[in-house]
Amino acid sequence: MLRSLFSGISGLRAHQTMLDVTGNNIANVNTAGYKAAQVQFQDTLSQVLTNAGAAQEGIGGTNPAQVGLGVKVAGVTTNFQQGAAQLTNRQTDMMISGDGFFVINKGGQQLYSRAGAFSFDALGQLVTPDGGLVQGWAADASGNIDLNSMLTDLRLPVSTLMGARATTTATFEGNLPYDAEVGAVLNRQIDVYDATGEPRSMEVSFTRTATGWNISAAVTGTTSAQTGTLTFNTDGSIDTLTFAAMPADAAAGLSALTVDFSSLTGFAGLETVAANGQNGRSAGSLQSFAINSDGTLIGSFSNGLKQAIGRVALANFSNPPGLSKVGSSLYEPTVNSGDAQVGAAGTGGRGVLSGGSLEMSNVDLSAEFTNLIVAQRGFQANSRVITTSDEVLQELVNLKR
């Protein structure tokens, strides 16, 4: 039989594969996180008619004469070029800008994805549309995240609480008027918290003396109180400050309280002394959250405070095209992709995260429709080769007439 007949058949098969890949790309044009595939062809083994000949005395060298035996698919490569961003304004939607993959635990298997269309289930777990569990690091009660710990399922249940914390330090800033009359009293107030998160009023009084100021502080309804003195230099800086920590009141649930007056100044004509802050808080429940570019989930609590509650993990690979697609926009590593290098967003070559957005498919429709034409014409051309080979065989059969 003619070699061209089988070459044409191989061409049909190869261009059919190209049509399959192109059709799949077009079908996923609106699939979030989808990466387009491309087909590469290569020729098959060629049959040698004559070998190459070396040059000899009086005779030049000759080239080999070979006839190709067709075409085959060398590979189907995934294009991991960044897709366009689509703003969704959904808090749980995330997009990776740059390299990297979300880490997903599905059925005990660790898989990877570029699709960030997540949501919460009834248990407060961050999941993919088909139930895969998004992996990351959970924060402790103080909002600290240990990136060296094991990955875990990210959970943000509505029952998440920020525990109460007793006040241990309070700070005052501003200016005490140097030209105040002796006996003048300035009263200031700040709320401090006991161990249960109940606010208590702390009254602080500044009384002008001939040499400086007397300070007295007391928490109402408790035995926690303290007095001290404060004097200034002529340039307004502090000369001496004596004010010990206020003792704890176990019955009231108050810890020992350090009041910091070291930032006060003593210039004339200004009365700006005021409480600057304290480190206690009441308990609060989770109301909402937002995501930072490094993948940290920042929770907003009912007590008006914000605190880290978790961090999304990202992974990258030495050779991302070596990953194997397993469906549901998920990939698994292979021997040619390299091992997953898991870490925080924005580090180690991993991209940054954007909340409220999704990465769209990177399929280029204009290129895919052009590929359809190329594949169709290639298929038609190879079918012509088969038709022509058949006509030649028919002529050979007709020689017997």
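Given the structure is predicted, the values throughout are model-derived calculations rather than measurements.

K.L.:
Which parts of the structure should I look at to understand the sheet that holds strand E14 (residues 169–175)?
P.N.:
The strands making up a sheet are joined through hydrogen bonds of the backbone, oriented either antiparallel or parallel. Strand order across the open sheet formed by three strands is E20-E14-E21, with mixed pairing between neighbours. Whereas interior strands pair on both sides, the edge strands pair on one side only; in this sheet they are strand E20 (258–265) and strand E21 (274–278). On average, adjacent strands in this sheet sit at an angle of 20 degrees to one another, irrespective of strand direction. Where E14 and E21 come together, four bridges link them in antiparallel fashion. Its bridge partner being in E21, Ala170 is matched across the sheet by Gln278.

K.L.:
Help me understand the pattern of salt bridges, please; the structure alone is not making it clear to me.
P.N.:
Oppositely charged side chains may form a pair once their charged atoms are brought near each other. Across all of its chains, the model carries seven salt bridges by this definition. A salt bridge links Glu359 to Arg114; the shortest N-O distance between them is 3.0 Å. Of this pair, Glu359 sits in strand E29 (residues 357–359) while Arg114 sits in the loop between strand E8 (109–113) and strand E9 (119–120), and the two are 245 residues apart along the sequence. According to the relative accessible area criterion, Glu359 is buried, its value standing at 1%. Taken together, the salt bridges that share partners define one network made up of Lys35, Arg114 and Glu359.

K.L.:
What is the right way to look at helix H2 (residues 365–398) in this model?
P.N.:
Since the α-helix advances by 3.6 residues per turn, residues separated by three or four positions end up pointing in the same direction. If you check H2, its first and last C-alpha atoms are 49 Å apart, about what 34 residues at 1.5 Å a residue would give, namely 50 Å. Taken together, the buried positions of H2 are occupied by Glu368, Ala375, Gly378, Asn382, Ile386, Ser389 and Leu393. Where H2 is buried, its residues touch helix H1 (3–27).

K.L.:
Explanation requested: the sheet that holds strand E19 (residues 238–243) in the structure shown.
P.N.:
Judged by pairing direction, the sheet is antiparallel, and its five strands sit side by side in the order E15-E16-E17-E18-E19 without closing on themselves. What marks the edges here is a single partner per strand, and that holds for strand E15 (185–193) and E19. Neighbour-to-neighbour, the strand axes of the sheet open up by a mean angle of 15 degrees, direction not taken into account.

K.L.:
How do you make sense of the packing of H1 against H2 when you look at a structure like this?
P.N.:
Two measures define how a pair of helices packs: the angle their axes make with one another and the distance between the axes. In contact at an axis separation of 8 Å, H1 and H2 are set at 160 degrees when each is read in the N-to-C sense. If you check the angle between H1 and H2, you find them roughly antiparallel. Here H1 and H2 pass one another in a crossing that is left-handed. Taken together, the residues that form the contact of H1 with H2 break down as 15 nonpolar, 14 polar and one charged.

K.L.:
Honestly, the packing of aromatic side chains in this entry has me stumped. Any pointers?
P.N.:
Here a ring pair, both rings aromatic, is described through the centre-centre distance and the interplanar angle of the planes. Going through the model one piece at a time under the given rule, you end up with eleven aromatic pairs. With a centroid separation of 5.0 Å and an interplanar angle of 85 degrees, the aromatic rings of Phe102 and Phe118 are classed as edge-to-face. Here the residue Phe102 occupies a position in strand E7 (residues 101–106), and Phe118 occupies one in the loop between E8 and E9, the gap between them amounting to 16 residues. For the pair formed by Phe102 and Phe118, the shared burial category is buried. The structure contains a cluster of three or more aromatic residues connected by ring pairs, namely Phe80, Phe101, Tyr112, Phe317 and Tyr331. The ring of Tyr178 has Arg208 sitting right over it, with the charged end atom 5.7 Å from the ring centre.

K.L.:
Hey, could you run me through the side chain of Arg350 in this one?
P.N.:
Within the element layout of this structure, Arg350 appears in the loop between strand E27 (341–344) and strand E28 (352–355). For the buried Arg350, no salt bridge exists, and the shortest N-O distance to an oppositely charged side chain is 10 Å, to Asp99. From its side chain, Arg350 meets the backbone oxygen of Gln341 in a polar contact 2.8 Å long.

K.L.:
What am I meant to see in the side chain of Asn382 here?
P.N.:
Structurally, the position occupied by Asn382 is in helix H2. Overall, the relative accessible area of 16% leaves Asn382 in the buried class. Not counting residues within four places of it along the chain, the set of residues in contact with Asn382 comprises Ser7, Gly8, Gly11, Leu12 and His15.

K.L.:
What should I look at first to understand the nonpolar core in this one?
P.N.:
In summary, soluble globular proteins display a tendency toward joint burial of nonpolar side chains. Residues Leu176, Met202, Phe206 and Phe261 are the most contacted members of the largest nonpolar core, which totals 25 residues. Secondary structure elements with two or more residues in this core: E14, E15, strand E16 (199–208), strand E17 (213–219), strand E18 (225–232) and E20. Ignoring any residue separated from it by four or fewer positions in sequence, one finds Leu176 in contact with Leu186, Phe206, Trp213, Leu230, Phe232, Leu264, Thr265, Gly266, Phe267, Leu270 and Val273. Formed by 22 residues, the second largest nonpolar core is a distinct cluster that contains Val134, Leu154, Ile309 and Leu330.

Criteria and cut-off values
- Residues numbered from 1 in each chain as written.
- Predicted model: local features only at pLDDT ≥ 70, side-chain atom pairs only at ≥ 80, totals over all residues.
- Heavy atoms only, no water.
- Pairing = 2+ DSSP bridges.
- Helix = DSSP H or I, 4+ residues; strand = E, 2+ residues; numbered from the N terminus.
- Axes fitted to C-alpha atoms, helices over the stretch in contact; angles between N-to-C directions.
- Salt bridge = Lys/Arg side-chain N within 4 Å of Asp/Glu carboxyl O.
- Buried < 20%, exposed > 50% of the residue type's maximum accessible area, 1.4 Å probe, protein only.
- Expected span 1.5 Å × (residues − 1).
- Contact = heavy atoms within 4.5 Å.
- Parallel < 35°, antiparallel > 145°, perpendicular 65-115°, else oblique.
- Left-handed = near helix turned anticlockwise from the far one by under 90°.
- Nonpolar A, V, L, I, M, F, W, Y, C, P; charged D, E, K, R; others polar.
- Phe/Tyr/Trp six-rings, centres within 6.5 Å; stacked < 30°, edge-to-face > 60°.
- Lys NZ or Arg CZ within 6 Å of the ring centre and 35° of its normal.
- Lys, Arg positive; Asp, Glu negative; His and termini not counted.
- Polar contact = N/O pair within 3.5 Å; in protein donor to acceptor, adjacent residues only side chain to side chain.
- Core = buried A, V, L, I, M, F, W, Y, C linked by side-chain atoms within 4.5 Å.

Fair warning: the whole summary comes from geometry, so function is off the table for now.
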